[in-house]
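Letter by letter, the chains look like this.
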Amino acid sequence: MKTGPAVSIWRSIPIGAWLGVLPFIAFALMFLIVPTLFLVSSAFVDRAGNFTLQNIIDLGTEQVVNAFSISIRISAASAFFGALIGLAMALAIIRGRLPSAIRSTVMTFSGVASNFAGLPLAFAFIATLGRLGLVTVILKTVFGFDIYKSGFNLLSFVGLTLTYLYFQIPLMILIIAPAIDGLKKEWSEAASTLGASRLQFWLYIGLPVLWPNLLGTLSLLFANAFGAIATAYALTGSSLNIVPILLFAQIRGDVLHNPGLGAALALGMIAITAIANVLYIVVRTRAERWLK
């Protein structure tokens, strides 16, 4: 009995390879696929356990739309500024002829800071830039400048965006560093030989090569910020109407308790983050051909 090429490829994979990837498959099933299927089923069930489309319809209410709007704007702002600052720092430590010790220090710190979020990060910013934070008090007592009277508020759109930048910038550095390393030295030497300036090299060679990676990284940073709940909840509580906090209120709240709507909100977040991650994967794959 003849088998197709696809079946032959599957059969040619050794059993040891399947055993090696088995933990990942189990992890994905338990913590990604099964919870997602549970959310899908819960989004179409009312409080009495009956099938309903009301939870999906309620996603169009003003409160939910505003929550998604604010969340998208915060995620986009933190992704844009995180990518911009992170790119500048990565170029400085990799292409700026700084000592290798500085690069290793920055990369090590970035690996730690990119995973530093949640309650510890919120407390750190409150202790630093809160109304009685260290930097706030120093600026007020030493320089006579009150940042809160000037309009700054840590528990606001700007404050949450600034907090997100703490882990967005290091993540950008970690992701974009291999792409910058992929810019071959011969390219800049050839451009210099032909009379191109450093600005012309970056405008016509460097940035066009890095552009797909930058777009993909922006998508990943957006998804990273959009799904963050612990930091936002610990920092702002219910003072800022964003999707993760609204979702938490629907699932665990006493007044707004509606698990079905919470599941629908979670589905909306999954859809948006999935689109951002798929865009990152597609753009990243297309960009890899330039860095080989």
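Along each chain, the written sequence defines residue order, and numbers are assigned to residues from 1. In keeping with the predicted nature of the model, local features appear solely for residues at pLDDT of at least 70, side-chain atom pairs appear and are counted solely at 80 or more, and the whole-chain, interface and lining totals rest on all residues. With hydrogens and water excluded, all non-hydrogen atoms of the structure serve as input to the side-chain values.

All right, on to the layout of surface pockets then. In this structure, the largest pocket spans a volume of roughly 350 Å³. A cavity, in this analysis, means grid points on a 1 Å lattice covering only the protein atoms where a 1.4 Å probe fits yet has no way out; a pocket is instead an open set bounded by protein on both sides within 12 Å along at least five of seven lines, and a residue lines either one if it has an atom within 4 Å of a point. Taken together, 13 residues make up the lining of the largest pocket; nearest its centre are Arg95, Arg97, Lys185, Ser188 and Arg198. Strands here are runs of E lasting at least two residues and helices are runs of H or I lasting at least four, both read from the DSSP assignment and numbered beginning at the N terminus. Among the secondary structure elements, those contributing two or more residues to the lining of the largest pocket are helix H9 (185–193) and helix H10 (198–226). With five residues, H9 is the largest single contributor of residues to the lining of the largest pocket. Grid points are joined across faces, edges and corners, and a volume is the space filled by probe spheres set on the points.

Glancing now at the environment of Gly144. Here Gly144 lies in the loop between helix H7 (134–141) and helix H8 (157–181). Counting along the chain gives 66 residues from Gly144 to Ser78, while the straight-line C-alpha distance between them is 29 Å.

Take the nonpolar core next. What is meant by a nonpolar core is a set of buried Ala, Val, Leu, Ile, Met, Phe, Trp, Tyr and Cys residues, joined one to another through side-chain atoms within 4.5 Å. Exposure is judged per residue with a 1.4 Å probe applied to protein chains only, and the accessible area is read against the type maximum: over 50% gives exposed, under 20% gives buried, and values in between give partly exposed. With 41 residues, the main nonpolar core has Met172, Ile176, Ile180, Leu210 and Leu265 as its most contacted residues. Mapped by element, the contributors of at least two residues to this core are helix H4 (62–95), H8, H10, helix H12 (243–252) and helix H13 (259–287). Contacts of Ile176, omitting those with residues within four sequence positions, involve Leu87, Ala90, Asn213, Leu214 and Thr217. In terms of nonpolar packing, the next biggest core, distinct from the first, is built from 20 residues, Ile74, Ala122, Phe152 and Ala228 among them. Two residues qualify as a contact provided that any one of their heavy atoms is within 4.5 Å of a heavy atom in the partner residue.

We now examine the pattern of salt bridges. A carboxyl oxygen of Asp or Glu within 4 Å of a side-chain nitrogen of Lys or Arg is what we treat as a salt bridge. Within this structure, the stated rule accounts for two salt bridges. With a closest N to O distance of 2.7 Å, Asp181 and Arg103 form a salt bridge. A residue pair is termed long-range when its members are at least 10 positions apart, and Asp181 in helix H8 and Arg103 in helix H5 (residues 100–113) qualify at 78 residues. A relative accessible area of 40% means that Asp181 is categorised as partly exposed.

Glancing now at the packing of helix H6 (residues 119–129) against H8. All axes are obtained by fitting lines to C-alpha atoms, using only the stretch in contact for helices, and the reported angles, taken between N-to-C directions, cover 0 to 180 degrees. Contact pair H6 / H8: the axes reach a minimum separation of 11 Å and the direction vectors enclose 125 degrees. For the element pair H6 / H8, the angle class is oblique. In the crossing of H6 with H8, the sense of the turn from one axis to the other is right-handed. Contact residues: Leu121, Phe125 and Leu129 in H6; Leu162, Thr163, Tyr166 and Phe167 in H8. Each residue gets one of three labels, nonpolar for Ala, Val, Leu, Ile, Met, Phe, Trp, Tyr, Cys and Pro, charged for Asp, Glu, Lys and Arg, and polar for the others, Gly among them. Counted by class, the contact of H6 with H8 contains six nonpolar, one polar and no charged residues. What sets the label is the angle itself: under 35 degrees gives roughly parallel, over 145 gives roughly antiparallel, 65 to 115 gives roughly perpendicular, and the rest give oblique. Crossing chirality is assigned from the near helix's rotation relative to the far helix, an anticlockwise turn below a right angle marking it left-handed and a clockwise turn marking it right-handed.

A separate point is the side chain of Ser71. As for its placement among the helices and strands, Ser71 is situated in helix H4. When sequence neighbours within four positions are dropped, the list of residues in contact with Ser71 reads Phe226, Ile242, Val243 and Pro244.

Now for H4. The end-to-end C-alpha separation of H4 is 48 Å, in line with the 50 Å expected for 34 residues at 1.5 Å each. In the segment just after H4, Arg97 is the residue with positive phi, at about 60 degrees. One less than the number of residues in a helix, times 1.5 Å, gives the span that helix is expected to have.

Moving on to the packing of aromatic side chains. Aromatic ring pairs are reported here in terms of the distance separating the ring centres and the angle at which the planes meet. Centres within 6.5 Å make a pair out of two Phe, Tyr or Trp rings, where for Trp the six-membered ring is used; the pair is then stacked when the planes are under 30 degrees apart, edge-to-face when over 60, and tilted otherwise. According to the stated counting rule, one finds 11 aromatic pairs in the structure shown. Pairing Tyr164 with Phe167 gives two aromatic rings, centres 5.4 Å apart and planes at 45 degrees, and the pair type is tilted. You can see Tyr164 and its partner Phe167 sitting in helix H8, three residues apart, about one turn around the helix. No difference in accessibility class separates Tyr164 from Phe167, as the two residues are buried. In textbook terms, an aromatic cluster arises when at least three aromatic residues are bridged by ring pairs, as seen for Phe109, Phe116, Phe125 and Tyr166.

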